[in-house]
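An overview of the molecular structure
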Amino acid sequence: MRGSIRALFISLIVLLSCSLAYGADYAEHEAIVLMRDANTKSSVMSASAKSRSAAKVSALAKSVGATVRRSYPELTAGSGSSIALVSSPQKTADELIKELKGNPDVIGVAKNYKRKALDNTPDDPLWAEQWGPKRIKAPQVWDTFSTGSDEVYVAVLDTGVIYDHPDLAGNISGELPDGTYGKMFHNEVEVTDVVRGGTQSEDIKIYDLHEVNYAAAGDIDGHGTHVAGIIGAAGNNALGVAGVNWKVKILPVGIFTVTQDKYGFAAESYDSDAIAGLNYIVMLKKVYKLNIRVANMSLGGWNPPVDQDTNPYGQAVKLASDADIIICMAAGNEDQDIDNPAGADYKGQLSYPACYRFANTISVGASNENDGRGEASGSNYSSSGKWVDIMAPGDHIMSTVPRYHCYSQSENYNASEYDSWSGTSMATPVVAGAAALLCAVYPDKSANEIKTMLLNGAENVLRKGYSKYGLLNVYNACLSTVAEAVVPSLPADAPRDIVALAPVLYSVDAKDEQAKEEAVTQIIEASGGALTSEDVVFNSGSGVVEASGKAVSAAAKAALTEKGVAGSVSDMTVLPVFSTEDGDITSAGSVAAFGFRLMGRALMAERPEDVKVLKIQGSDRGKFYEYTSEPKSFADGYFTVQDENGGIYNGNIDPDAVYVLVLFIKDNGGFDLDANECGILDPAALVKVESGSGGSSSGGCAAGAAVLALIALAPLAVWRRKR
């Protein structure tokens, strides 16, 4: 790439920092110093040269009252510098560094940090009992992408959370912008501001509902604490369990009330309180700009089908969804096919809120350790896939719990502060945690984009007859829109004048605003003005520039119209904008082959010939590449699909397999946007087209007043929490 931004051949992987993120500490009385030396003549130092170098390092150490513990002459031979570890029992590392920096021969000096191996296998003692995170491939995300972010908030609408639990305290939201630590919404239209003076230090026994101290309880039942731990128990802290996110901000929102009947005390939630909880998180997001990305609702109950467009609870869920919040909801634990429930208590009814279907809602069923439906959970399912979107680990899930009896007098506590439970209540926070993890990796993606990645990343397990998409795989989800630039293999019978190249991507540091603007500007200039600043955007998750969703949709519409096809884009995988490096093409008019390695699900088709590759030619202009499996037909504007080993692939596309998409573009041909000779520029995307008028809209954000108004409309139906 030309200009101040250097295009790099890269795999779209966000690299993890390897320093203080894992709490690295250092040797207090040591420092590592890099100093100038005269060892520039040979890459192998003679004995006399080593002696002279050692003497110089020793003199440097002595000048600050230190001694040399170790040097590395083989490493630094021929470099003109030396590296040594120096130590002084009388001086701190900071003191050594300050004094060493004053020597003109010192190039640099650093503390002797202790670091951990970055395989991201947590040291939490109960990790061996946590099969769920392993099954959804969370460790691969931790290794490759991120362990989470404390800038991502997840609202847990539940019974509360023990905020001073040792494995949760660091990830619980602190004082909120509204001046509170959160709220507890409970029956009789009461709202209690949460205070934090320490939760109970002994079993709670009550004899009257008026004895419940909602403000200081933390968790009135224990259920919410277990849910919170699945989402975000601190990881790699040598304590208890590891959440799907090692770092995250959990926002407890209490929506349960302690109730009493002839059998004793219990915890139940009223729709009005659930709506109040949704109202509260939307307010925090809209008014105070709190970065609430996900809400977990592990609760539900059955009632006759409702019109979600006129039902108050349904509309409250929609308004929260419209506020760009992913809402994960438990499908329930009654062993029912929601499409055709059999029991007398369920026939002709649906489970809510799980059966509300809006742009950013996800209904979750439970799986077991053997990839079957969660039998210990009694997980509900959907034979048609209409009512359950995805399955996730829900049987025998180890997580955090209160140490003592809570107000509801349930058995949801354990003296060890950890316990293994089963239920769709456990599966749902696995998905919520995965959504939050994706938000940490891709902070600029919308709720609907994150939801789409999660669902598209699901494995073909428990799909047919159980859910619409299958079993959660968060690593696949991270990769579902990621394409790796590769040099494609060309068959022997392909035209000899085709040049095989790896796409050169416009890659910049996400924190460098000027660099991002320059990259976009360079692409616009290279296109000769065909592209505008609205057509290309920077993706902070992958670190590259790509076509905007708006540009892809407009270009697809134009291309379909030109073909006389009625339809609209229902899904897309946007490829990075790519070009050639200077010198890649030496003969004007040459045809180049560019390769992208990606997951089968990103192709969004059953067979290679069904794949639709779109060329974005500018605002409201685009056309489709043509498919070919014949090497002799490789030419400008064609594409082919190869297997992972480079062979032409003609079979059914496996969503979990790896393929190479190969695009053929002629310099200054019909599919090249670069205005210069011997240079190629291409913004492209894979699209899924629905026939007919098709398409659906997620709608805009509703006014805050509309959310508030719903509280008064809520029927006081009672939902029990799911587990």
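Note: the structure precedes this text.
I will try to describe carefully the structure that is included in this document.

Reading the values: the criteria
- Residues numbered from 1 in each chain as written.
- Predicted model: local features only at pLDDT ≥ 70, side-chain atom pairs only at ≥ 80, totals over all residues.
- Heavy atoms only, no water.
- Helix = DSSP H or I, 4+ residues; strand = E, 2+ residues; numbered from the N terminus.
- Buried < 20%, exposed > 50% of the residue type's maximum accessible area, 1.4 Å probe, protein only.
- Contact = heavy atoms within 4.5 Å.
- Areas by Shrake-Rupley, 256 points an atom, 1.4 Å probe, with all protein chains shown as cover.
- Phe/Tyr/Trp six-rings, centres within 6.5 Å; stacked < 30°, edge-to-face > 60°.
- Axes fitted to C-alpha atoms, helices over the stretch in contact; angles between N-to-C directions.
- Parallel < 35°, antiparallel > 145°, perpendicular 65-115°, else oblique.
- Left-handed = near helix turned anticlockwise from the far one by under 90°.
- Nonpolar A, V, L, I, M, F, W, Y, C, P; charged D, E, K, R; others polar.
- Polar contact = N/O pair within 3.5 Å; in protein donor to acceptor, adjacent residues only side chain to side chain.
- Salt bridge = Lys/Arg side-chain N within 4 Å of Asp/Glu carboxyl O.
- Pairing = 2+ DSSP bridges.

Some thoughts on the overall build of the protein chain
What the protein chain contains, in helices and strands, is 15 helices and 34 strands. Here the protein chain, with 723 residues, has 56% of them falling under the buried criterion. Residue pairs at least 24 apart in sequence account for 76% of intrachain contacts in the protein chain once pairs closer than 6 positions are excluded. With the model as given, the accessible surface of the protein chain reaches about 29100 Å², and the carbon-plus-sulfur share is 49%.

Considerations on the packing of aromatic side chains
The geometry of an aromatic ring pair is captured by the separation of the ring centres together with the interplanar angle, meaning the angle of the planes. What the rule picks out here adds up to 14 aromatic pairs. Residues Trp 127 and Trp 142 carry aromatic rings whose centres are separated by 5.6 Å and whose planes lie at 50° to one another, so their mutual orientation is tilted. Taken together, the positions of Trp 127 in the loop between β4 (106–113) and α4 (131–135) and Trp 142 in helix α5 (residues 138–144) put the pair 15 residues apart, joining distant regions of the chain. Across the pair, exposure class does not vary: Trp 127 and Trp 142 are buried alike. When the centroid spacing of 4.3 Å and the interplanar angle of 25° are considered together, the rings of Phe 634 and Phe 664 count as stacked.

Regarding the packing of helix α8 (residues 271–288) against helix α9 (residues 312–322)
At a minimum axis distance of 10 Å, the contact between α8 and α9 shows a crossing angle of 20°. When the interaxial angle is binned, α8 and α9 end up roughly parallel. Crossing of α8 over α9 shows left-handed handedness. Contacts from Asp 271, Ala 274, Ile 275, Leu 278 and Val 282 in α8 reach Pro 312, Tyr 313, Ala 316, Val 317, Leu 319 and Ala 320 in α9. Class assignment of the residues belonging to the contact of α8 with α9 gives a composition of 10 nonpolar, no polar and one charged.

As for the pairing of strand β15 (residues 361–367)
Most of β15 is tucked away: seven of the seven residues are buried. By the alternation rule, side chains of β15 split into Thr 361, Ser 363, Gly 365 and Ser 367 and Ile 362, Val 364 and Ala 366, which are all buried.

Focus: α9
Think of an α-helix as 3.6 residues a turn; residues three or four steps apart then line up on the same face. Counting buried residues in α9 gives nine out of 11 residues, a clear majority hidden from the surface. Considered for burial, the residues of α9 that qualify are Pro 312, Tyr 313, Gly 314, Ala 316, Val 317, Leu 319, Ala 320, Ser 321 and Asp 322. If you check the start of α9, you find a side-chain oxygen 3.0 Å away from the backbone N of Tyr 313, and it comes from Asn 311. Just downstream of α9, Asp 324 is the residue with a positive phi angle, here 70°.

Section: the packing of helix α7 (residues 223–232) against helix α10 (residues 424–441)
Here α7 crosses α10 at 35°, and the two axes come no closer than 8 Å. Handedness of the crossing formed by α7 with α10: right-handed. Contacts from His 223, His 226, Val 227, Ile 230 and Ile 231 in α7 reach Ser 425, Met 426, Pro 429, Val 430, Ala 432 and Gly 433 in α10.

Some remarks on the side chain of Thr 573
Structurally, the position occupied by Thr 573 is in strand β24 (residues 567–574). A distance of 2.9 Å separates a polar side-chain atom of Thr 573 from the backbone oxygen of Ala 602.

As for α7
Taken across its 10 residues, α7 has 10 buried, putting it largely inside the fold. Within α7, burial applies to His 223, Gly 224, Thr 225, His 226, Val 227, Ala 228, Gly 229, Ile 230, Ile 231 and Gly 232.

Observations concerning the pattern of salt bridges
Here the structure, examined in full by the defined rule, presents 15 salt bridges. A salt bridge links Lys 516 to Glu 513, with the shortest nitrogen-to-oxygen separation between them at 3.1 Å. A residue pair is termed a helical-turn pair when its members lie 3 or 4 positions apart in one helix, as Lys 516 and Glu 513 do in helix α13 (residues 513–526) at three residues. Given a relative accessible area of 48%, Glu 513 falls into the partly exposed group.

Regarding the environment of Ile 231
Counting through the fold element by element, Ile 231 comes out in helix α7. Overall, Ile 231 belongs to the buried group, its relative accessible area being 0%. C-alpha of Ile 231 to C-alpha of Gly 243: the two residues are 12 residues apart in sequence and 5.2 Å apart in space. Not counting residues up to four positions away in its chain, the partners in contact with Ile 231 are Val 154, Val 156, Gly 243, Val 244, Asn 245, Asn 296, Pro 429, Ala 432 and Gly 433.

As for the sheet that holds β24
Ordered by their spatial adjacency, four strands build an open sheet running β24-β33-β27-β28, and the pairing between neighbours is antiparallel. Edge positions in the open sheet fall to β24 and β28 (621–624), since each of these has one partner strand only. Going across the sheet, the axis of each strand differs from the next one's by a mean of 40°, ignoring polarity. Alignment of strand β27 (residues 613–618) against β28, held across four bridges, turns out to be antiparallel. If you follow Ile 616 over to β28, its bridge partner there is Gly 622. Here helix α14 (residues 549–563) sits on the sheet and contacts β24, β27, β28 and β33 (684–691); the angle it forms with β28, its principal contact strand, is near 65°.

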